[in-house]
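Working through the structure, step by step
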Amino acid sequence: MSEHRVVIHYCTQCRWLLRAGWMAQELLQTFSEELAEVALRPGSGGIFQVLANDTLVWDRKSEGGFPDIAELKRRVRDVIAPDQALGHIDAKPDPAEP
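A brief structural summary. Everything quoted here is computed from the prediction, not taken from an experiment.

**Considering the pattern of salt bridges**
Following the criterion strictly, the structure yields six salt bridges and no others. Of the charged contacts in the structure, one is a salt bridge between K73 and E26, with a shortest N-O distance of 3.0 Å. Residue K73 is located in helix α3 (residues 69-80), and its partner E26 is located in helix α1 (residues 17-30); the two are separated by 47 residues in the primary sequence. Grouping residues by exposure puts K73 and E26 together as buried. Residue R75 is joined to E63 by a salt bridge in which the shortest nitrogen-to-oxygen separation is 2.7 Å. Here R75 is found in helix α3, whereas its partner E63 is found in helix α2 (residues 60-63), with 12 residues between them in sequence. A relative accessible area of 23% places R75 in the partly exposed class. The structure contains a network of salt bridges with shared partners spanning E63, E71, R74 and R75.

Rules behind the numbers
Residue positions are counted from 1 within each chain, in the order its sequence is given. Local features are withheld for residues below a pLDDT of 70 in this predicted model, meaning they are given only at 70 or higher, and side-chain atom pairs are given and counted only at 80 or more; totals for whole chains, interfaces and linings count all residues. Each side-chain value is worked out from all heavy atoms of the structure, with water and hydrogens disregarded. The salt bridge criterion pairs a side-chain nitrogen of Lys or Arg with a carboxyl oxygen of Asp or Glu, the two atoms within 4 Å. The numbering of helices and of strands both runs from the N terminus, where a helix is a DSSP run of H or I of at least 4 residues and a strand a run of E of at least 2. For the exposure calls, accessible area comes from a 1.4 Å probe over protein chains only, and a residue counts as buried if that area is under 20% of its type's maximum, exposed if over 50%, partly exposed in between.

The structure is reproduced here in structure tokens:
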């Protein structure tokens, strides 16, 4: 059984629980075998941070907003399962396509 853990620290004053819950669901679905837990940690002051195994992988204030779910999955994967392929999420866009 995996011991990998993700924590989503979100602002309750900003009403970001729904966003945090959706991201938790996406991570649990993608990393169902790798994750032991995804925790939602309420906070205040506009906080929205995602930590994987205590490593900060996203901070709303320093990143300037919220993560695209594909980018968040890549960053979490890089911490908990660096050798795991993410399928179409890992595909590089074709510069020839409009």
